Amino acid sequence: MNSFQPLLALTLACSVIACAKPADRSSDTAIATTALAPSSAQLVGACRDTVARDNPTVRWVPDTALSADLNYDGSPELVVWGSEVDSLFALAIVECSGNRPGRVWTFPFNALGLFGTRELTITLGDPTLGEGYLDENCIRTDTTSECRHLRKIDPQLAAAYSRGGRGLSIGIEDRDHLYLYWDPEFAKFVSWRP
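The model shown is predicted, which means the values in this text are computed figures rather than measured ones.

Caption draft 1: Representation of helix H4 (residues 131-138). Residues Tyr133, Leu134 and Cys138 constitute the buried set of H4. Each buried residue of H4 lies within a common arc of 95 degrees when the element is viewed along its axis, so the set occupies one face. Two residues or fewer after H4 comes Ile139, characterised by a positive phi angle close to 45 degrees.

As structure tokens, this is what we get:
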């Protein structure tokens, strides 16, 4: 299976799930390498090697990464990014705790088409959608299955955030962003773009 097949799904999810930015989205300011214990340096290297082996045509940016609990299981995932060909930006999330790398999720997308550049900022942040987002996009109704689902998981996302869980914001600082978070009901990463 080509690791870039999720591109269509990511683009579709971005266009279907969201139209507006949530009110007062909090963001962590980390955009460079997260401080990791020296004992974890070998594991981080193994996680990076796994991502590179799974995606050999991507030029992964060295010495930059984020580490946070992104799938709300209590263990950190490592986030790395890079580019392929002229317009593709690739982001990879790898379970990176314990003795060896775990699952890898790769999200390639046409950065030039979406943002007009491949020079993107990746930050950790609050994965919740927020009442402002839900009110604007669901118009205070739960008549669609999407709105019912989003209202159901938003408290779960808030609880995950209070335990240290994070989502990702990918885009141009102070402008356009794509948000990526773990959907606890569907047990997969989903995205939306305001």
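Caption draft 2: Seen up close, the sheet that holds strand S8 (residues 177-183). Strands sit in the order S6-S7-S8-S9 across an open sheet of four strands; the sheet is antiparallel. Looking at the sheet topology across the chains shown, the edges are occupied by strand S6 (121-125) and strand S9 (188-192). Strand-to-strand, the axes of this sheet are offset by a mean angle of 25 degrees, without reference to chain direction. Relative to S8, strand S7 (residues 167-171) runs antiparallel, the two being bridged by four bridges. The residue bridging Leu168 from the neighbouring strand is Leu180, located in S8.

Caption draft 3: Representation of the side chain of Asp154 in the model. Here Asp154 lies in helix H5 (residues 145-162). Overall, the relative accessible area of 11% leaves Asp154 in the buried class. At 3.4 Å, the side chain of Asp154 forms a polar contact with the backbone nitrogen of Gly130. Those residues in contact with Asp154, other than ones at most four positions away along the chain, are Thr128, Leu129, Gly130 and Leu134.

Caption draft 4: How the structure looks around the packing of aromatic side chains. For the structure shown, the criterion picks out seven aromatic pairs. Judged by centre distance (5.4 Å) and plane angle (50 degrees), the rings of Phe89 and Phe109 are tilted. Here Phe89 is found in strand S4 (residues 88-95), whereas its partner Phe109 is found in strand S5 (residues 104-110), with 20 residues between them in sequence. Residue Phe89 is classed as buried on the basis of its relative accessible area of 4%. Taking 5.0 Å as the distance between ring centres and 80 degrees as the angle between the ring planes, the aromatic pair formed by Trp105 and Phe189 counts as edge-to-face. Note that Trp105 is positioned in strand S5 and Phe189 in strand S9, a separation of 84 residues in sequence. Overall, Phe189 belongs to the buried group, its relative accessible area being 9%.

Caption draft 5: Focus on the state of the cysteines. For the coordinates displayed, the defined rule picks out two disulfides. A sulfur-sulfur distance of 2.1 Å marks the disulfide that ties Cys138 to Cys147. Because the torsion about its S-S bond is -95 degrees, the bridge between Cys138 and Cys147 counts as left-handed. Summarising the burial analysis for this pair, Cys138 and Cys147 share the class buried. Disulfide connectivity for the protein, with bonded cysteines indexed by sequence position, reads 1-2, 3-4.

About the cut-offs
- Along each chain, the written sequence defines residue order, and numbers are assigned to residues from 1.
- Given that this is a predicted model, residues contribute local features only at a pLDDT of at least 70 and side-chain atom pairs are listed and counted only at 80 or more, while totals for whole chains, interfaces and linings are drawn from all residues.
- Calculated side-chain values reflect all of the structure's heavy atoms, with hydrogen atoms and water omitted.
- Each residue is assigned to one of three classes by its accessible area relative to the maximum for its type, calculated with a 1.4 Å probe on protein chains only: buried under 20%, partly exposed between the two thresholds, exposed over 50%.
- Helix numbering and strand numbering both begin at the N terminus, where a helix is a DSSP run of H or I of at least 4 residues and a strand a DSSP run of E of at least 2.
- What the arc covers is the set of directions going from the helix axis to the C-beta atoms.
- At least two bridges found by DSSP between two strands is the condition for calling them paired.
- Where helices are involved, their axes are fitted lines through C-alpha atoms of the stretch in contact, as for all axes, and angles between N-to-C directions lie from 0 to 180°.
- In protein, a polar contact means a hydrogen-donor-capable atom and an acceptor-capable atom, both N or O and within 3.5 Å, with residues adjacent in sequence counting only if both atoms are side-chain atoms; elsewhere, any N or O pair within 3.5 Å suffices.
- It only takes one pair of heavy atoms within 4.5 Å for two residues to be counted as in contact.
- Any two of the Phe, Tyr and Trp rings considered here, Trp counted by its six-membered ring, make a pair once their centres fall within 6.5 Å; the pair's planes then place it as stacked at under 30 degrees, edge-to-face at over 60, or tilted in between.
- By convention in this document, the label disulfide applies to cysteine sulfur atom pairs within 2.5 Å.

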